[in-house]
Amino acid sequence: MDTALTRLVGVRHPIVQTGMGWVAGPRLVSATANAGALGVLAAATMTLDQLRAAVREVRSRTDAPFGVNLRADAADAGDRVRLLIEEGVRVASFALAPSPELIAELKAAGVVVIPSVGARRHAEKVAAWGADAVIVQGGEGGGHTGEVATTVLLPQVVDAVDIPVVAAGGFFDGRGLVAALAYGAAGVAMGTRFLLTSDSTVPDAVKRRYLAAGVTDVTVTRAVDGLPHRMLRTDLVTALENTGRARALWRALRKAAGFRRLSGLTWRQLVHDGLAMKHGKNLTWSQVLLAANTPMLLRSAMVDGRTDLGVMASGQVAGVIDDLPSCAELVGRIVQEAEEVLENLRASL
C-alpha cells in the first residue's frame with residue numbers, strides 16, 4: 001500500500017511498530033522491518049554503548065529501514081542523535097518534541113524525523129520546526145497518554161499540518177488501517193499489538209496476562225509517576241494508588257537509584273532529566289521523583305516477567321487481542337484485510 005509514509009521512510013507497508021521501552025529490542029525491530037513495516041528501536045533505557053550495539057544488531061538481521069526512538073529531553077540527547085547519524089539510522093522518532101536544533105541536525109544528515117504528539121498544537125509546533133512527519137496518539141494508546149480519543153484527535157491534526165500523519169491509539173487490524181487512511185492519515189502505529197507477537201521478547205507469563213485482559217481491565221492511573229499512564233489493572237497498581245505519599249516517595253527513590261545504576265546515568269543527569277520532565281507539565285518535585293519508578297517497574301514485567309511487581313503499559317486494544325502471530329504474519333494479515341475492506345467498500349458504493 002503506497003502512502004506518504006511508505007515513500008518517506010522506504011518501507012512496503014504503512015505500519016509502524018512503536019519504540020516501547022524494554023520491549024522494542026533488536027529482535028522485534030528486525031522482525032518488523034523484514035515484514036515490510038517500520039520497526040522502531042527503544043533507546044531511552046539503553047546506555048550509549050548498548051544503543052550502538054543494538055543498532056548494529058538490527059542491521060545484522062535486516063537490510064530494511066528502521067528507526068530509533070529517543071527522549072528529546074535526555075541530558076545526552078545530542079550524543080544519541082550523533083550516534084544515529086554515525087550509524088546511518090533511517091528514522092529518528094521522539095516521545096517528546098525535539099528542539100529545532102536537533103531536528104535540523106538530523107535532517108542535515110538525511111535522517112527522517114518523526115516526533116510523537118498527543119495534541120494538535122504540538123503537531124503544529126514540530127511541523128513548523130521542520131519535522132518530516134508526526135505520530136499522533138489518542139487516549140486509547142498505552143503508556144503515557146491523553147484524554148482525547150484518536151477519532152477526534154486524528155482529524156484535527158490532519159487538518160492542521162501539511163506533513164504525513166501517522167495514527168496511533170486503538171489500532172490492531174486492517175479495518176483500523178483503512179479507517180485511519182480514510183481520516184487522512186498516512187499509516188498507523190501500534191505498540192500493544194506488536195508486543196503481543198511471537199517475535200516479542202516479553203516473557204510468556206506477561207503475554208498471557210495481556211491476552212487474558214478484557215477492555216475494562218485496561219486503566220489510566222497517575223499513581224506510577226504522576227502523569228496519566230494507561231496500563232493493565234493489577235494488584236500492584238491498586239496498591240500504588242492506595243500507598244501514602246511518604247511510602248511512595250521512598251519507593252521511588254529506591255527505584256531511581258536502581259535505574260541510575262542500570263542506565264549508567266549520574267545523579268546529575270537524573271536531576272537534569274527530572275527538570276526537563278517538570279518543565280511545562282506543572283509537576284511537583286514529588287511527582288518528578290515518582291517518575292523514576294516507571295523504567296524499573298516496566299522492566300520488572302517486560303524483562304523479568306514479574307506480573308506481581310511490574311507495570312504493564314497497555315493500549316485498550318489488549319482487550320480484543322487473543323493471539324500471538326509472528327510480525328510477518330501480523331503485517332501480512334493487516335495488509336490483506338485492509339485490501340479486502342477497501343475492495344468491499346468499492347463494491348458497495
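The rules behind each value
- Residues numbered from 1 in each chain as written.
- Predicted model: local features only at pLDDT ≥ 70, side-chain atom pairs only at ≥ 80, totals over all residues.
- Heavy atoms only, no water.
- Helix = DSSP H or I, 4+ residues; strand = E, 2+ residues; numbered from the N terminus.
- Buried < 20%, exposed > 50% of the residue type's maximum accessible area, 1.4 Å probe, protein only.
- Contact = heavy atoms within 4.5 Å.
- Areas by Shrake-Rupley, 256 points an atom, 1.4 Å probe, with all protein chains shown as cover.
- Pairing = 2+ DSSP bridges.
- Right-handed = clockwise from strand over helix to strand, strands pointing away.
- Polar contact = N/O pair within 3.5 Å; in protein donor to acceptor, adjacent residues only side chain to side chain.
- Salt bridge = Lys/Arg side-chain N within 4 Å of Asp/Glu carboxyl O.
- Arc of directions from axis to C-beta.
- Core = buried A, V, L, I, M, F, W, Y, C linked by side-chain atoms within 4.5 Å.
- Axes fitted to C-alpha atoms, helices over the stretch in contact; angles between N-to-C directions.
- Phe/Tyr/Trp six-rings, centres within 6.5 Å; stacked < 30°, edge-to-face > 60°.
- Lys NZ or Arg CZ within 6 Å of the ring centre and 35° of its normal.

### Brief notes about the overall build of the protein
- Regarding its fold elements, the protein presents 16 helices and 11 strands.
- Of all 349 residues assigned to the protein, the portion counted as buried reaches 54%.
- Across the protein, the fraction of contacts at a sequence separation of at least 24, relative to all contacts at a separation of at least 6, is 61%.
- Accessible surface, the protein: about 14,900 Å² in total, of which carbon and sulfur atoms supply 51%.

### Some thoughts on the pairing of strand β5 (residues 112-117)
- In terms of burial, β5 is a largely internal element, 5 of the 6 residues being buried.
- Relative to β5, strand β4 (residues 91-94) runs parallel, the two sharing 4 bridges. Directly across from Val-91, in β5, lies its bridge partner Val-112.
- Each parallel crossover has a hand, and for β4 linked through helix α5 (residues 100-108) to β5 it is right-handed.
- Bridge count between β5 and strand β6 (residues 134-137): 2 bridges; the pairing is parallel. Residue pairing for β6: Ser-116 is matched across the bridge by Ile-135.
- Crossover handedness for the path β5 to helix α6 (residues 120-129) to β6: right-handed.

### Looking at the side chain of Ser-93
- Looking at the element boundaries, Ser-93 is found in strand β4.
- For Ser-93, the side chain forms a polar contact with the side chain of Asn-69, separated by 2.8 Å.
- Dropping the residues within four chain positions of it, Ser-93 is found in contact with Val-40, Val-68, Asn-69, Leu-70 and Ile-114.

### A few points about the pattern of salt bridges
- Under the criterion given, the structure shown has 19 salt bridges.
- With its nearest N and O atoms 3.4 Å apart, the salt bridge here joins Asp-304 to Arg-299.
- The partner of Asp-308 in a salt bridge is Arg-306, and the shortest N-O contact between them spans 2.6 Å.
- One salt-bridge network, held together by shared partners, links Arg-52, Arg-56, Glu-86 and Glu-87.

### Examining the environment of Ser-99
- Looking at the element boundaries, Ser-99 is found in the loop between β4 and α5.
- Assessed through its relative accessible area of 27%, Ser-99 is described here as partly exposed.
- For the pair Ser-99 and Ala-72, spaced 27 residues apart in sequence, the C-alpha separation works out to 7.4 Å.
- A distance of 3.1 Å separates a polar atom in the side chain of Ser-99 from the backbone nitrogen of Leu-102.

### Quick look at helix α11 (residues 235-242)
- Turning to α11, its buried residues number three or more, namely Leu-236, Val-237 and Leu-240. Burial along α11 is one-sided: seen end-on, the buried residues are contained in an arc of 100 degrees. Among the exposed residues of α11, those pointing more than 90 degrees away from its buried face are Asp-235 and Asn-242.

### Examining the nonpolar core
- Residues Ile-15, Tyr-210 and Met-302 are the most contacted members of the largest nonpolar core, which totals 60 residues.
- Examining the composition of this core, we find that 6 residues originate from one element, helix α16 (residues 327-348), more than from any other.
- In terms of nonpolar packing, the next biggest core, distinct from the first, is built from 26 residues, Val-29, Val-58, Ala-77 and Phe-94 among them.

### Topic: the sheet that holds β4
- Pairing is parallel in the closed barrel, where 8 strands are placed in the order β1-β2-β3-β4-β5-β6-β8-β9. The average undirected angle you get between the axes of adjacent strands in this sheet is 25 degrees.
- Pairing of strand β3 (residues 66-70) with β4, which is carried by 4 bridges, proceeds in the parallel orientation. Its bridge partner being in β4, Gly-67 is matched across the sheet by Val-91.
- On the sheet, helix α8 (residues 174-183) packs against β8 (165-168) and β9 (187-190) and is oriented at approximately 130 degrees with respect to β9.

### Here we look at the packing of aromatic side chains
- Here the structure, examined in full by the defined rule, presents 0 aromatic pairs.
- Just above the ring of Trp-22 sits the side chain of Arg-299; from NZ or CZ to the centre is 5.5 Å.

### Re the pairing of strand β11 (residues 229-232)
- When strand β7 (residues 143-144) meets β11, the two strands line up antiparallel, connected through 2 bridges. Along β11, the bridge assignment pairs Gly-143 with Arg-230.

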